[in-house]
Structures are given as C-alpha cells and as structure tokens.
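Residues per chain are reported as follows:
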Amino acid sequence: MTTRTGWRAGMAGHYMFPSLSQGRTGGHTLKPPVAARPLLAAALLTAALLAAYAGSAEAQATAPEEIRLDAPGLDQPVEILKDQWGISHIYAETEHDLFFAQGWNAARDRLFQLEIWRREATGTMAEILGPRAITRDHGIRLFKFRGDLDTEMRHYHPRGHEIIPAFVAGVNAYIDETRRDPDLLPIEFEMLGIEPGHWTPEVVITRHRGLLGDAGTSLSYGRAVHVLGAERVREIASFHPHQPDIELDPSIDGQHLVDHDILELYRAFRSTTSFRPEDVAPEFRAEEDDFERLDAALATEAHALERRERESLGSNNWVVSGRLAANDYPMMANDPHRAQAAPSLRYWVHLNGPGWNVQGAGEPTIPGVSIGHNDHGAWGLTVFAINHEDVFVYETHPDDPTRYRYQDRWVAMETVTETIGVEGGDPVDVELRYTRHGPVVYQDEARGIAYAVGAAWMEVGGAPYLASLRMNQATDWEEFQEACTYSHIPGENMVWADREGNIGWQAVGIAPIRRNFSGVVPVPGDGRFEWDGFLPIDALPSAYNPPGGFIATANANLVSPFDYPHLEEATSFFWADPFRQNRVKEVLSSGRRFSLADMVALQHDYLSIPARTLVPLLRHVSSDDTRAEEARRRLLGWDHVLDAESIEAGIYVAFERRLRERVEELLVPEAAREHIGVSMNEVLERVVGPTPEFRALGPTPIDGRDALLVESLEAGVADLTERLGTDMAGWRYGQEEYKHALLRHPLSPAVSPSVRQRLDVGPAPRGGYSFTVGANGYGDNQTSGASFRIFVDTRDWDATLGMNTPGQVGDPDSPFYDNLFRLWAADRVFPAYFSREKIEAVTAERIRLAPGGE
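Here's a quick rundown of the structure.

### Things to note about helix α22 (residues 680-688)
Part 1 of the reasoning: Regarding α22, the residues found buried are Met680, Glu682, Val683, Leu684, Arg686 and Val687.
Part 2 of the reasoning: In this structure, the buried residues of α22 make contact with α10 (230-236), α17 (579-588), α19 (609-614), α21 (647-667) and α23 (701-724).

What follows is the structure in structure tokens.
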C-alpha cells in the first residue's frame, strides 16, 4: 500500500531552492562556461560556486517528504534517502534487500527507459511498433546470449546468481505496484498505449547496447581495400601502434563486400529505437510534416555521429597521487562520453548494506556501481581499444545453404527458429543460423556466400559493466586489479586511487588472440584464420604508482609507450586522436599541486590543440576577401580556447571543418569516401608537414597547403555569413544557431510541439568540441559527450563532486527530470555526499520500504 506517491502528490516545493531551480531554459540566458576561462581563474570560481551551492543546499533544506510503501519480496525494512540533486541513498540490512531496493528504485525513477530496454533486449519491439521493427527484433534474437545463465551470473560476482535475480525482483515489484495504481506510470506509457512488462535476469545480461566492435570497421576497411588497394589504404589510415596486414584473401569477393548490406542485422541489433507519429495516441501525435522535418534533422545528426564515432564517444579519466595534490591525498576524475539524451544514460546511486558501501553511477538497468568510490578507493573508466569482433566469409554448399565449407569438409550450421509478435500483423518466424564462429548475418544463396560475425562478447562474461560488482567491494589495489580480470566488455582503462596513497591503471577487456591475421578486414571462415583463445586480462597493460605522479587516459594509444609484448596477438589498431590525452598530461605534468576544483576546471577545459597547431600557419598567408582577412587577423590574436562566448572560436570551428573536408577530398578518392575517412591527427600531420597531395593546389606542397588554408578560411567565413549574418559580432560560438545542447527524448520526433517541449531539455549554449578535454561533440548540437561526471578526493568522501544531466529521474513530471541541466550547461557540478550525517542534511525525500505490508 502506498501512503504517498512522491512528486505526483505535488512534492516539488519541498526541495527546490533558488540556486538550483528547475525548468527549461533558452540558449541565451545561461552563464558562459566556467572552464572556458584560464584554468586558474576557472578553478577559483568553481571552488567558490561549489561552496555556495553546498551552503545554500544545507541552509535552505526543509523537512523531507516521507513516503511509506509496501514492497513484497523484501526480508527487512529498507530506507531510501533521495537528496536534493536526485541521488538515491539506499540503506538495507541484507544484501538481497540492497539489490532488490536498487532495482525497485531504478524502476521508480526510470520506468519508461527500463521498458524500452527490456523490449530491445528481448526482441519484442515489433509487438508495439509493427512490421518496421521486425528486422530489429531479428537482429536482437540472433545475437542473444545462449550460454548457461547460472554460470554467466556467477562470473560477475561470486553471488551474482543471487544479486541479479534480487535486482530483477525489485524491478518487477515496482512494476506490480504500477499495475495496482496505473497513475504511477510516466506519461510515455499513456502516449504509446502500453504497460511495462516483467524483467528476467536475461534482460540484465544483454549485450545489445554495449560499446562493441569492430565488425563495422572491418567491413569498411575490407571495402576500401577492394576499391583502393591495401597500399593506398595504409597511406590514408592512421593505423598504430604498427601497420597491420590488410590484404584481402584471394578467396574473398571484394565486390560482393561492396555491393551488399552485409551487416544489416548486426546494425539492427545495436540500433536504438525510433518512434513515429502513428506509434503514439492521436492527442499527443505530431503532424506528418513536422515529424519529417525533425526526423531529417535527427538523421543528419546521427550520420555525423556515426561518421565521427571514434572521436565523439570518447572519455577522460585520471588519477593524481598525493604528492601532486594540494591536500596530500590522491584524487580521481572521470567523465565518460556517450550519447546525450533525456533521460540520461547514466544513473547515480549510493548502496549501503552488509559488505557494501559504494556510491557513483552506472546504468539504471544493471545492479551495482560502474564508476565511483567505496570506503577505501575510487575508480573510473575510459575505453581501451580492443577488437572484439571479426567478419568471417564462407563458401556454402550449392544444394544446401545451411552447410558451409570448413577445413575441406561441409559443416552444418546450427539453426534456431523463433517467432516475433507483430502489432497489427501476423507473427513472423525467423530462422537464426550460426557457424562455429558466430551468428550468420547475411547470405547470398544464389552465389553460395555467407557472412558471420565472430564476437568475443558472446562468451560468458560479456555483459557490459556487470563485473564492476566485484570492483565495488575492493579494499586495495590488489583486490581491485583482481576484480578487473573479470571485466570483459567494454575494453576499458580502469584507474584506481585509494586513501593509502596509491594510484593504478589496468587495461581490461576480452581480447581474441589472432596468430596469423590482424582482424582489420574480413577473413575466410574455412579454418585458416582462427582465434587462439583470449589474452589473460592481467597480461594487458597496467601501471602502479608511476614516478610521474599521475595516470591519465582518454582513449588514445597507451600501448606504444610501453615495451608491450602482445602487440601482434591482441588489442587494436584504432585509437582516438591524442589531443584530449595530451592536454590532460600537459596540465597534470606542469609541476604544480592541484585541488579538486582544479580537476573540475580541467574536465571542462576547452583549449583546442588542433587550433593551437593550425592557427599559427595563418601568419604566412593572406586573403583577398576582406571578411576572410578580418577573420584571419582575429584568429591570430586568439587564445585557442573554444569558449561559448568567443567569436574567434566560431570562426575557427567553421574553418577547421572546411579544412578537414578538403584534406579528405585530396587524400581519399571519391569512390572510397563512404568506406574510409581521415582522422584529425592525420589532417594535422599532412598540413603541418605538407605531403605531395597538396601539389594539386600549388606548384609545391607548401604552396598548395597555404592555398588550402586560405580557401578553407574563406569557405568557413562564407558559411558563417550565410548562417549567422554579415555582422561578425553575431558569430559567437555558443548559441542556438551554432554550438548548443538540445537533449532530445526518444519520443520527441513523434509528438506535437507542445508535448515535445515537455519532453526535450534545452537548448543551451556550449563551448568545446570533440578534441577538447571538455568533449562536446563535433556537430552543432551536442549529441555526445559527458552527461555524467565525478570528482573524488580520497581524503574526504563527502568532498565528492558530480553531475548527471539533465537529471536523475526519467519521468518528465518529476522535478528531478531536468533540475541539473542548468548546472551542466554552465559547466558546474554538485556535491555528492557519502556520510549519513551529510546526506540527512540535504535529504529531499525519505522512502521507507516495508516487506509485505509491515
């Protein structure tokens, strides 16, 4: 029985206070980003703001609203304190109840998000979206984990077979509550005319939204090699730490790779759900022309994100030893970069029970904390590049396409038939086929060709982030490093800092050992190219208390600096450009000592190393175009910081985009541009030390390079003139018409403008871009970057700072839906308290869960 129903009973007034007031905001009313200023000034201002926020929170907090609820399935009563920033602090007397309550609370806060996740994970989207979702459901079922579930759950924690079902039971307990009281359902369920379904452990261990790779990259490079030849691809690509073998085996038909949509089912498995007006009830529905306009804009954003995926979906983390810290204790900072949306992907929680006292964030769909701290240490993650996938090509039997040639004999594929329910239509049976290497994603039966994806994450332990359950209970570096050996997906740089003064780094991930091929292009599946097991995770690179006093990772190549013995066997040839990592290392190796406010400033740092490299080249050129010449002079006096308020930042980004396009046109023949691109690091290397391709624009490479710089600047100025007008004073970088953040809800394109305004959050001006430490995406709208941030001072866990935009709760009617957006857009953070005393002082809502009506 529910005695109060939270925010639906009008609770907002109990905990909103002026300095953190909620509400949508236009792009021109927010203050400029703090960290766009010089680092020292930003650090001082940030420290002052943090003190003001913390003080006002504690001073203005009123008595929290108390809610008493029945939760059948609990063993003992549980208390949940939700603080004024939306973090739930869960106190339980048993481990079962702790994770039951985590599942219950996640469902209460993110029910629609969890329901879409469940349907995606189980391949049941066609039941609500009709025939257009059949391919998606087919792909999901094709890549479903089909191993032993008990073994799978025990991999993530010795009691994983108890923890995961407890979490699931909590989710289902809240779903049952909504069935008794449908008013608890968020508005999205009414819009779609659906109800939430029950979870199973299989939903928790799904791989469908993991950071997986690299089947798509392998296919793209295979196509490029067919079109251009291996030598030309090597000249264009930024392979490192060394050059891989990318020759296509003679048995592979390269033209067949180019002509067919081989990975449609794989992409369907990894895709996010999109909605159309006909999916929602008429009273919420968008007009068709309005939908088509927004859908086209979203498609453009998605294409840009896909094209620049490696540079857009990066992350930063670092740990600083006590000798570099102002208070002599290690610090940890982490800002994982993923797609930006409303609600946020990440979800803060504090778990306190027997053997557990851990706070931080993960994803609302899994138990535990992926990034955060306990009583002993703090940890964070960024992607460490490991190629988990290969594309295998088979000859199939001319009379039986379910048999393929392997080691000079015909082998039968395994087959599974499943039925997909379809809204408004008859159920559809799909036959799922598997070779010894993995799921069959495409067959050309007439040509006798089949393709399968070999995926290391199909092995036991491939559910993303779940192995963090072991990390949550680590008490020192040795225990943390041992816990890391269970973390298969994604490949990650795990960093650690503890109160004893230690810092460490361990690369993790399941890495197939390829003895005689690189994995960069498709290979025959006839038995000549096989994985020789997996590299032990403790054989991946690591460091402990390095002499420099800090460890920093930002998805860049961390293998080359070491005498690493396994380059030929595992890891990857594809890494993020080094600019973010170089900037972090530049600041942390400056010789000064740092405060936590300095860490906040660095995470929001907008200095562009590409700009600092390219702009000096403009000293030696000039333009006959008066406006371009004015823009050139402005850039020469600029500090290379992509501040939202900066006109020069706006000019530079337009110039860089045009320059990058033109360099790519010079380097990559048109026939291959859809298959292979040029990294920004490669652009800088080619431009700074101009290569022969630039002769196309001038008698010498330098003349051609200079002509290209002028041409790109003039084109960028023309772009801004067309978009923002002739007055250069209006070319400020951070504005709704240029660099901004508009966080879109999944239903946004399908609903009317008035409903969309209720669901979307923003816009707000932004600074930075993909190559600044404050990585805010390469496009005009920030569709990727850090929604979640954390800063930990190991001296005092109550000093932890954080962010999670737009808010902790996914219900648009909750005051916690977008209450953090203003802070995030202004590059600010909130205190994430850990001690009961501090938490009680800022508690906004107190929930008491009783077992079975106690």
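### Some points on the layout of surface pockets
Part 1 of the reasoning: A volume near 530 Å³ is recorded for the second largest pocket.
Part 2 of the reasoning: If you trace the second largest pocket, you find 24 residues lining it, with Thr435, Arg436, His437, Gly438 and Met458 closest to the centre.
Part 3 of the reasoning: Of all elements in the fold, only β12 (409-412), β13 (414-420) and β16 (449-455) reach the threshold of two or more residues within the lining of the second largest pocket.
Part 4 of the reasoning: A total of three residues in the lining of the second largest pocket trace back to one element, the largest contributor, which is β16.
Part 5 of the reasoning: Looking at the lining of the second largest pocket, its residues break down into 13 nonpolar, five polar and six charged.

### Re the packing of aromatic side chains
Two aromatic rings are characterised by how far apart their centres lie and by the angle between their planes.
Part 1 of the reasoning: This model, assessed by the stated rule, comprises 32 aromatic pairs.
Part 2 of the reasoning: Judged by centre distance (5.5 Å) and plane angle (35°), the rings of tryptophan 638 and tyrosine 652 are tilted. Of the two residues, tryptophan 638 sits in the loop between α20 (626-636) and α21 while tyrosine 652 sits in helix α21, which places them 14 residues apart along the sequence. In this pair, the class of tryptophan 638 matches that of tyrosine 652, namely buried.
Part 3 of the reasoning: One aromatic cluster is present, formed by Trp85, Trp348, Phe788, Phe830 and Tyr833 through successive ring pairs.
Part 4 of the reasoning: Just above the ring of tyrosine 486 sits the side chain of arginine 470; from NZ or CZ to the centre is 3.6 Å.

### A closer look at unusual backbone geometry
Part 1 of the reasoning: Residue proline 241 is reached from histidine 240 by a cis peptide bond, and omega for that bond is 20°.
Part 2 of the reasoning: Along the chain, the position of proline 241 falls in the loop between α10 and α11 (254-259).
Part 3 of the reasoning: Cis geometry is found at the peptide bond from glycine 762 to proline 763, where omega equals 5°.
Part 4 of the reasoning: Note that proline 763 resides in strand β25 (residues 761-765).

### Examining the packing of helix α2 (residues 95-122) against helix α4 (residues 134-142)
Packed helix pairs are characterised by how far apart their axes lie and by the angle those axes make with each other.
Part 1 of the reasoning: At a closest axis distance of 7 Å, the pairing of α2 and α4 adopts a crossing angle of 70°. Regarding the angle of α2 to α4, the classification is roughly perpendicular. Together, Glu120, Ala121 and Thr122 of α2 and Arg136, Ile140 and Arg141 of α4 make up the contact between the two elements.
Part 2 of the reasoning: Across the contact of α2 with α4, the residue classes tally to two nonpolar, one polar and three charged.

### A few points about the sheet that holds strand β8 (residues 371-373)
Part 1 of the reasoning: Here eleven strands make up an open sheet; going across it, the order is β1-β30-β2-β3-β6-β7-β8-β9-β17-β18-β22 and the pairing mixed. Edge positions in the open sheet fall to β1 (65-70) and β22 (542-544), since each of these has one partner strand only. On average, adjacent strands in this sheet sit at an angle of 15° to one another, irrespective of strand direction.
Part 2 of the reasoning: Across the sheet, α2 is in contact with β1, β2 (78-83), β3 (88-91), β6 (347-353), β7 (356-362) and β30 (843-850); its angle to β6 comes to roughly 155°.

### Concerning the side chain of glutamine 359
Part 1 of the reasoning: Within the secondary structure, glutamine 359 sits in strand β7.
Part 2 of the reasoning: Here tyrosine 833 takes part through its backbone oxygen, which lies 3.4 Å from a polar atom of the side chain of glutamine 359.
Part 3 of the reasoning: Not counting residues within four places of it along the chain, the set of residues in contact with glutamine 359 comprises Ile87, His89, Trp348, Val349, His350, Val369, Ile371, Gly372, His373, Ala832, Tyr833 and Phe834.

### Some points on empty space enclosed by the protein
The gaps of empty space that remain are located by a probe, the size of a water molecule, rolled over the atoms.
Part 1 of the reasoning: Here the structure, examined in full by the defined rule, presents seven cavities of 30 Å³ or more.
Part 2 of the reasoning: In this structure, the second largest cavity occupies an estimated 80 Å³ of space.
Part 3 of the reasoning: Trp117, Val204, Thr206, Arg207, His208, Arg209, Gly210, Glu363, Thr365, Ile366, Pro464 and Tyr465 together form the lining of the second largest cavity.
Part 4 of the reasoning: Partitioning the lining of the second largest cavity into residue classes produces five nonpolar, four polar and three charged.

### Side note on a negative patch on the surface
Part 1 of the reasoning: Among the surface-exposed residues, Glu287, Asp289, Glu292 and Asp295 lie close enough to one another that they form a single negatively charged patch.
Part 2 of the reasoning: As for its placement among the helices and strands, aspartate 295 is situated in helix α13 (residues 288-307).
Part 3 of the reasoning: Residue aspartate 295 is classed as partly exposed on the basis of its relative accessible area of 34%.

### Quick word on the packing of α21 against α23
Part 1 of the reasoning: At a minimum axis distance of 8 Å, the contact between α21 and α23 shows a crossing angle of 125°. With respect to α23, the element α21 is oriented oblique. For the pair α21 and α23, the sense of crossing is right-handed. Packed against α21, whose contacting residues are Gly650, Ile651, Ala654, Phe655, Arg657, Arg658, Leu659, Arg662, Val663 and Leu666, the element α23 presents Leu708, Leu709, Glu711, Ser712, Leu713, Ala715, Gly716, Asp719, Leu720 and Arg723 at the interface.
Part 2 of the reasoning: Among the residues forming the contact of α21 with α23, the class breakdown is eleven nonpolar, three polar and six charged.

### Remarks on the side chain of serine 752
Part 1 of the reasoning: Here serine 752 is to be found in the loop between β24 (740-743) and α24 (753-759).
Part 2 of the reasoning: Ignoring sequence-local partners within four residues, the contact set of serine 752 consists of Phe284, Arg285 and Ala286.

### Examining the pattern of salt bridges
A side chain with one charge can pair with a side chain of the opposite charge if their charged atoms come near.
Part 1 of the reasoning: The final tally for this structure, using the stated rule, is 61 salt bridges.
Part 2 of the reasoning: Residues glutamate 586 and arginine 583 are paired through a salt bridge, measuring 2.5 Å at the closest nitrogen-oxygen approach. In this pair, glutamate 586 and arginine 583 are both assigned in helix α17, three residues apart and thus about one turn of the helix distant.
Part 3 of the reasoning: According to the relative accessible area criterion, glutamate 586 is partly exposed, its value standing at 32%.
Part 4 of the reasoning: Judged by relative accessible area, which is 11%, arginine 583 ranks as buried.
Part 5 of the reasoning: Taking the shortest distance from any N to any O, the salt bridge between arginine 846 and glutamate 840 comes out at 2.8 Å.
Part 6 of the reasoning: Residue glutamate 840 is classed as partly exposed on the basis of its relative accessible area of 30%.
Part 7 of the reasoning: Salt bridges sharing partners connect three or more residues here, namely Glu66, Arg68, Glu79, Arg836, Glu840, Arg846 and Arg848.

### Digging into the environment of histidine 240
Part 1 of the reasoning: Along the chain, histidine 240 turns up in the loop between α10 and α11.
Part 2 of the reasoning: For histidine 240 and serine 560, which are 320 residues apart along the polypeptide, the C-alpha to C-alpha distance reads 8.1 Å.
Part 3 of the reasoning: If sequence neighbours within four positions are ignored, histidine 240 has contacts with Asn557, Ser572, Phe573, Phe574 and Trp575.

Rules used throughout
- Starting afresh in each chain, residues are numbered from 1 along the sequence in its written order.
- Note on the predicted model: pLDDT of at least 70 is required for a residue's local features to be given, and 80 or more for side-chain atom pairs to be given and counted; whole-chain, interface and lining totals, by contrast, use all residues.
- Hydrogens and water are ignored here; the side-chain numbers use all heavy atoms of the structure.
- When a residue's accessible area, from a 1.4 Å probe over protein chains only, is under 20% of the maximum for its type it is buried; when over 50% it is exposed; and in between it is partly exposed.
- To qualify as a helix, a DSSP run of H or I must reach at least 4 residues; to qualify as a strand, a run of E must reach at least 2; elements of each kind are numbered from the N terminus.
- Residues count as neighbours in contact if any of their non-hydrogen atoms are within 4.5 Å of one another.
- Both cavities and pockets are sets of points on a 1 Å grid over the protein atoms alone; in a cavity a 1.4 Å probe fits but cannot get out, in a pocket the set is open with protein on both sides within 12 Å along at least five of seven lines, and lining residues sit with an atom within 4 Å of a point.
- Grid points are joined across faces, edges and corners, and a volume is the space filled by probe spheres set on the points.
- We call Asp, Glu, Lys and Arg charged. Ala, Val, Leu, Ile, Met, Phe, Trp, Tyr, Cys and Pro are nonpolar, and the rest, Gly among them, are polar.
- The criterion for an aromatic pair is that two Phe, Tyr or Trp rings (for Trp, the six-membered ring) have centres within 6.5 Å, with stacked assigned to planes under 30 degrees apart, edge-to-face to planes over 60 apart and tilted to the rest.
- Definition used: whenever NZ (Lys) or CZ (Arg) falls within 6 Å of the ring centre and also within 35 degrees of the ring normal, the charge is taken to sit over that ring.
- Axes, fitted as lines to C-alpha atoms, cover a helix only where it is in contact. Angles between the N-to-C directions of the axes lie from 0 to 180 degrees.
- Orientation categories follow fixed angle ranges, with anything under 35 degrees roughly parallel, anything over 145 roughly antiparallel, 65 to 115 roughly perpendicular, and all other angles oblique.
- Only when DSSP finds a minimum of two bridges between them are two strands counted as paired.
- Contacts described as polar in this section are N or O atom pairs within 3.5 Å, which, within protein, must combine one atom able to donate a hydrogen with one able to accept it, while residues neighboring in sequence count only if both atoms come from side chains.
- Residues with no salt bridge and a relative accessible area higher than 30% make up the patches, which join like charges within 9 Å and nonpolar side chains (Val, Leu, Ile, Met, Phe, Trp, Tyr) within 5 Å.
- Each accessible area value is a Shrake-Rupley result obtained with a 1.4 Å probe; residue values ignore everything except the protein chains displayed when judging cover.
- We count a salt bridge whenever a side-chain nitrogen from Lys or Arg sits within 4 Å of a carboxyl oxygen from Asp or Glu.
- The charge count includes Lys and Arg as positive and Asp and Glu as negative, but it does not include His or the ends of the chains.
- Every charge is mapped to an atom, namely NZ of Lys, CZ of Arg, CG of Asp or CD of Glu.
- Crossing handedness: left-handed means the near helix sits turned counterclockwise from the far one by under a right angle, and right-handed means the same turn made clockwise.

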